[in-house]
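For reference, the chains in residue letters:
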Amino acid sequence: MPEEITTLLTFFGGTGDLAKRKLYPSTYNLFKKGFLQEHFAIVGTARQDMTNDEFREVVRTSIADFTEDKANAEAFIEHFYYIQQDITDQAGYADMLALNNKLDAQYDLKGNRIFYMSVAPRFFGTVAQCLNSEGLITKNGEFNRLMIEKPFGSSYETAEKLQNELSEAFDENQIYRIDHYLGKEMVQNIAAVRFGNPLFDAAWNKDYIENIQVTLSEVLGVEERAGYYDTAGALRDMIQNHTMQVIGWLAMEKPASFNDKEIRAAKNAAFNSLKIYNSAEEVAENFVRGQYGESADGSQKKYLDEMDVPADSQNNTFVAGKLQFDMPRWEGVPFYIRSGKRLAAKSTRVDVVFKKGLNIFGGDVSLANPVLSILIDPKGGIEFKINAKDIKSAFDTRTIDLAWQVSDEDKAVTPEPYERMIHDAMNGDGSNFADWNGVGTAWRFVDAIQTAWDATKEQFPNYVSGSMGPAASDELLAKDDNEWIFKG
């Protein structure tokens with residue numbers, strides 16, 4: 001049995017979709033595994049008028065698919081409590097304080113509190129400041145922590161304003177900014193593969209790597225999200241957060257030790273060396289934007305015909321770009337990134353393209369670039385494409401794949417990202433959360449690109465639904481005599 005975690009966990013937005021789909025099942029998994037036992041309580045809060053029993057029924061329904069043991073499920077549900085609250089009303093926090101103090105005594109929670117904000121981002125600062133001003137942050141507890149969903153701002157200016165609001169109530173080491181990609185099993189495998197194998201650890205630099213590619217491709221279109229998506233686009237929706245956080249694991253220096261403080265320091269050394277493209281010419285040279293059109297067979301409509309999308313929208317549904325890091329490890333090594341909707345295949349993956357070896361075999365023998373691929377979604381795995389001898393009688397080479405895939409058995413017992421991240425926050429492990437320096441750098445980077453794009457008008461649509469994006473995406477790599485490894 002693992003060591004019990006003692007805490008009071010409060011979910012703001014406790015009746016919302018995320019809470020029901022992800023947060024309550026994830027917390028129940030922690031209970032089943034023994035991380036939560038007797039000394040915990042969970043409070044849900046929202047504007048909806050609801051009794052404790054009605055709230056517990058919401059929880060019961062949300063975990064129904066995971067309750068093989070009904071008695072065990074009921075023991076878990078008994079730890080849930082509900083409080084109706086307008087989170088913008090400062091006076092309303094008195095009732096929450098009274099409930100928290102009561103539960104602290106009832107379950108001997110030692111003043112340990114985690115506040116999870118599953119609410120609209122515009123309320124993050126208000127809630128944090130009210131928690132502080134109304135005394136809900138304990139002074140006698142081992143920890144008080146704040147978990148925040150993305151998006152963290154919509155630009156550097158708004159993100160900095162939010163950061164300042166949070167900093168008035170919480171220290172940086174108490175703030176856990178969630179990017180659920182960092183909770184994915186195969187994203188976490190980047191560190192294991194890179195630092196756990198001397199072969200890759202020694203070769204993870206400009207001397208051996210030609211380029212690194214990160215792809216986050218989707219087959220779906222905007223669906224019913226146009227109200228949000230048309231103001232964000234792929235650049236803000238996928239590049240600023242998910243893509244940049246994956247890049248952090250790839251570009252970081254080797255940490256002095258594998259703890260959250262050293263990991264963040266190593267990532268920040270890389271983020272602080274990221275070249276920001278501050279001119280329109282630099283953006284045009286290094287980044288490509290796209291917007292999907294109809295599919296070749298006409299079955300998929302173009303973005304401009306989607307519901308609630310303005311007919312003259314200049315929003316990007318595809319982004320490809322080249323990142324450069326001004327640090328000795330990565331001098332001259334491009335990091336290529338791309339993300340888009342209505343592409344040929346759904347895939348999240350990393351492709352590390354190594355340099356070709358010295359050809360000692362003669363002019364008729366060709367060598368390919370060895371490629372290490374870390375497959376994140378939809379099926380996890382690792383592939384290593386290397387040169388080997390062909391079966392022909394004359395000496396020649398061919399590429400072969402050394403491949404491993406996550407088994408169904410492994411997948412069945414792998415923690416979901418939200419389960420892992422709630423557990424990490426309970427343990428005070430910030431390794432897989434974004435810190436302000438990384439978030440701020442990512443916003444400065446994408447803001448500069450968006451500013452350049454806002455100043456010019458692109459001829460959209462410029463790629464066919466079901467393709468891998470505009471031709472300019474391939475041309476971006478071709479300028480460096482490179483090509484995308486994943487073809488869709």
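Reading the values: rules and limits
- Residues numbered from 1 in each chain as written.
- Predicted model: local features only at pLDDT ≥ 70, side-chain atom pairs only at ≥ 80, totals over all residues.
- Heavy atoms only, no water.
- Helix = DSSP H or I, 4+ residues; strand = E, 2+ residues; numbered from the N terminus.
- Rg over C-alpha atoms; globule rule 2.2 N^0.38 Å.
- Buried < 20%, exposed > 50% of the residue type's maximum accessible area, 1.4 Å probe, protein only.
- Contact = heavy atoms within 4.5 Å.
- Areas by Shrake-Rupley, 256 points an atom, 1.4 Å probe, with all protein chains shown as cover.
- Axes fitted to C-alpha atoms, helices over the stretch in contact; angles between N-to-C directions.
- Parallel < 35°, antiparallel > 145°, perpendicular 65-115°, else oblique.
- Left-handed = near helix turned anticlockwise from the far one by under 90°.
- Nonpolar A, V, L, I, M, F, W, Y, C, P; charged D, E, K, R; others polar.
- UniProt positions renumbered as here; feature names shortened; annotations may be inferred.
- Phe/Tyr/Trp six-rings, centres within 6.5 Å; stacked < 30°, edge-to-face > 60°.
- Lys NZ or Arg CZ within 6 Å of the ring centre and 35° of its normal.
- Salt bridge = Lys/Arg side-chain N within 4 Å of Asp/Glu carboxyl O.
- Pairing = 2+ DSSP bridges.

### Some points on the overall build of the protein
For step 1, the next point in the chain: On a plain count of helices and strands, the protein comes out with 15 helices and 16 strands.
For step 2, the next point in the chain: For 488 residues, the compact-globule estimate of 2.2 N^0.38 gives 23 Å, and the C-alpha radius of gyration of the protein, at 24 Å, lies within 12% of that figure.
For step 3, the next point in the chain: Across the 488 residues in the protein, those meeting the buried criterion constitute 54%.
For step 4, the next point in the chain: Partitioning the contacts of the protein with sequence separation of at least 6, the portion at a separation of at least 24 is 77%.
For step 5, the next point in the chain: Here the protein has roughly 21,400 Å² of accessible surface; of this, 49% comes from carbon and sulfur atoms.

### So, the packing of helix H2 (residues 52–62) against helix H3 (residues 70–77)
For step 1, the next point in the chain: It is the contact of H2 with H3, at a shortest axis distance of 10 Å, that shows an interaxial angle of 135°. Classified by the angle between their axes, H2 and H3 sit oblique to one another. Helix-helix and strand crossings are classified by hand; for H2 and H3 the assignment is right-handed. Contacts between H2 and H3 involve Arg-56, Val-59 and Arg-60 from the first element and Glu-74, Phe-76 and Ile-77 from the second.
For step 2, the next point in the chain: The class makeup of the residues in the contact of H2 with H3 is 3 nonpolar, no polar and 3 charged.

### A look at the UniProt feature "domain: Glucose-6-phosphate dehydrogenase NAD-binding" (unreviewed entry) in the protein
For step 1, the next point in the chain: Under the UniProt annotation, the feature "domain: Glucose-6-phosphate dehydrogenase NAD-binding" (unreviewed entry) is placed at residues 11–189.
For step 2, the next point in the chain: Along residues 11–189, the helical share is 43% and the strand share 15%, with 29 Å between the first and last C-alpha atoms.

### Side note on the packing of aromatic side chains
For step 1, the next point in the chain: Applying the stated rule across the entire model yields 31 aromatic pairs.
For step 2, the next point in the chain: Taken together, a centroid distance of 5.8 Å and an interplanar angle of 50° make the contact between Tyr-277 and Phe-445 tilted. With Tyr-277 in the loop between helix H10 (260–271) and helix H11 (280–286) and Phe-445 in helix H14 (residues 436–454), this residue pair connects regions lying 168 residues apart in the sequence. Grouping residues by exposure puts Tyr-277 and Phe-445 together as buried.
For step 3, the next point in the chain: Look at Phe-361 and Phe-395: their rings are 5.1 Å apart centre to centre, the planes differ by 35°, and that puts the pair in the tilted class. Of this pair, Phe-361 sits in the loop between strand S12 (347–354) and strand S13 (371–377) while Phe-395 sits in the loop between strand S14 (381–389) and strand S15 (397–405), and the two are 34 residues apart along the sequence.
For step 4, the next point in the chain: Taking relative accessible area as the criterion, Phe-361 reaches 40% and is therefore assigned partly exposed.
For step 5, the next point in the chain: What makes Phe-395 partly exposed here is its relative accessible area of 44%.
For step 6, the next point in the chain: In textbook terms, an aromatic cluster arises when at least three aromatic residues are bridged by ring pairs, as seen for Phe-11, Tyr-24, Tyr-28, Phe-31, Phe-40, Phe-55, Phe-76, Phe-80, Tyr-82 and Tyr-116.
For step 7, the next point in the chain: One cation-aromatic arrangement involves Arg-56 over Tyr-81; the distance from NZ or CZ to the ring centre is 5.0 Å.

### A closer look at the pattern of salt bridges
For step 1, the next point in the chain: Tallied over the full model, the rule gives 29 salt bridges.
For step 2, the next point in the chain: Measuring nitrogen to oxygen at the nearest pair gives 2.8 Å for the salt bridge that ties Arg-60 to Glu-74. Of this pair, Arg-60 sits in helix H2 while Glu-74 sits in helix H3; the two residues are 14 residues apart in sequence, bridging distant segments of the chain.
For step 3, the next point in the chain: Taking the relative accessible area as the measure of exposure, Arg-60 reaches 28% and is therefore partly exposed.
For step 4, the next point in the chain: Across the salt bridge formed by Glu-185 and Arg-420, the nearest N and O atoms sit 2.5 Å from each other. Note that Glu-185 is positioned in helix H7 (residues 185–196) and Arg-420 in helix H13 (residues 417–427), a separation of 235 residues in sequence.
For step 5, the next point in the chain: Here Glu-185 falls in the partly exposed class, since its relative accessible area comes to 34%.

### Quick look at the pairing of strand S11 (residues 335–340)
For step 1, the next point in the chain: With 6 of 6 residues buried, S11 is to be regarded as a mostly interior element.
For step 2, the next point in the chain: Where burial is concerned, the two faces of S11 agree: the one with Phe-335, Ile-337 and Ser-339 and the one with Tyr-336, Arg-338 and Gly-340 are both buried.
For step 3, the next point in the chain: Note that strand S7 (residues 209–217) and S11 share 6 bridges and pair parallel. Bridging from a neighbouring strand, Val-214 pairs with Ile-337 of S11.
For step 4, the next point in the chain: Bridging between strand S10 (residues 318–323) and S11 involves 6 bridges; their strand directions are antiparallel. Paired with Val-319 across the bridge in S11 is Ser-339.

### Focus on the pairing of S7
For step 1, the next point in the chain: Within S7, 8 of the 9 residues are buried, leaving the element largely enclosed by the surrounding structure.
For step 2, the next point in the chain: Of the pairings in the sheet, the one linking S7 to S12 comprises 8 bridges and is antiparallel in character. What sits directly across from Ile-209, in S12, is Phe-354.

### Focus: the environment of Tyr-116
For step 1, the next point in the chain: Locating Tyr-116 in the fold gives a position in strand S4 (residues 113–117).
For step 2, the next point in the chain: Given the relative accessible area of 0%, Tyr-116 is considered buried.
For step 3, the next point in the chain: Setting aside its immediate chain neighbours within four residues, Tyr-116 contacts Leu-9, Thr-10, Phe-11, Phe-12, Leu-18, Leu-23, Met-147, Glu-149, Ile-178, Tyr-418 and Ile-422.

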